Amino acid sequence: MQRLRRVKKQRSLKQKINFDTMAIPVAFINGLFFGGYALRKIRQYWEGGPMD
């Protein structure tokens, strides 16, 4: 009986989401978004108008 309980506890620990592994992909996506936004704003300023 105790052996089954240990296996269930280990499985429940594996099913929890580890948010540390998501930090790099989320930071990469945010960098693409904000980088693209910054490039659009710089281009608009450089060309002198809201051309999007």
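As a reminder, the structure under discussion sits directly above these lines.
Below: a short report on this structure.

What counts, and at which threshold
- Residues numbered from 1 in each chain as written.
- Predicted model: local features only at pLDDT ≥ 70, side-chain atom pairs only at ≥ 80, totals over all residues.
- Heavy atoms only, no water.
- Helix = DSSP H or I, 4+ residues; strand = E, 2+ residues; numbered from the N terminus.
- Buried < 20%, exposed > 50% of the residue type's maximum accessible area, 1.4 Å probe, protein only.
- Expected span 1.5 Å × (residues − 1).
- Phe/Tyr/Trp six-rings, centres within 6.5 Å; stacked < 30°, edge-to-face > 60°.
- Patch = residues over 30% accessible without salt bridge, like charges linked within 9 Å, V, L, I, M, F, W, Y side chains within 5 Å.
- Areas by Shrake-Rupley, 256 points an atom, 1.4 Å probe, with all protein chains shown as cover.
- Salt bridge = Lys/Arg side-chain N within 4 Å of Asp/Glu carboxyl O.

### Some words on the overall build of the chain
Thinking step 1. When you go through the chain residue by residue, the secondary structure sums to two helices and zero strands.
Thinking step 2. Across the 52 residues of the chain, 4% fall into the buried class.

### A short note on helix α2 (residues 23–47)
Thinking step 1. For α2, built from 25 residues, the straight-helix expectation of 36 Å at 1.5 Å per residue is met to within 8% by its first-to-last C-alpha distance of 36 Å.
Thinking step 2. Just downstream of α2, Gly-48 is the residue with a positive phi angle, here 80°.

### Concerning the packing of aromatic side chains
Thinking step 1. Counting across every chain of the model gives one aromatic pair.
Thinking step 2. Ring centres of Phe-33 and Phe-34 lie 5.2 Å apart, and the angle between their planes is 75°; on these two criteria the pair is classed as edge-to-face. Judged on exposure class, the residue Phe-33 and its partner Phe-34 are both exposed.

### What to know about a nonpolar patch on the surface
Thinking step 1. A grouping of Phe-28, Ile-29 and Leu-32 is seen on the molecular surface, where their side chains present a nonpolar patch of about 350 Å² in accessible area.
Thinking step 2. Note on placement: Phe-28 falls in helix α2.

### Remarks on the pattern of salt bridges
Opposite charge on two side chains permits pairing when their charged atoms draw close.
Thinking step 1. Evaluated as defined, the whole model comprises one salt bridge.
Thinking step 2. Between Arg-43 and Glu-47 there is a salt bridge whose closest N-O contact spans 3.0 Å. Here Glu-47 and Arg-43 lie together in helix α2, a separation of four residues that amounts to about one turn.
Thinking step 3. Given a relative accessible area of 29%, Arg-43 falls into the partly exposed group.

Functional significance is not addressed by these values, which are geometric in nature.
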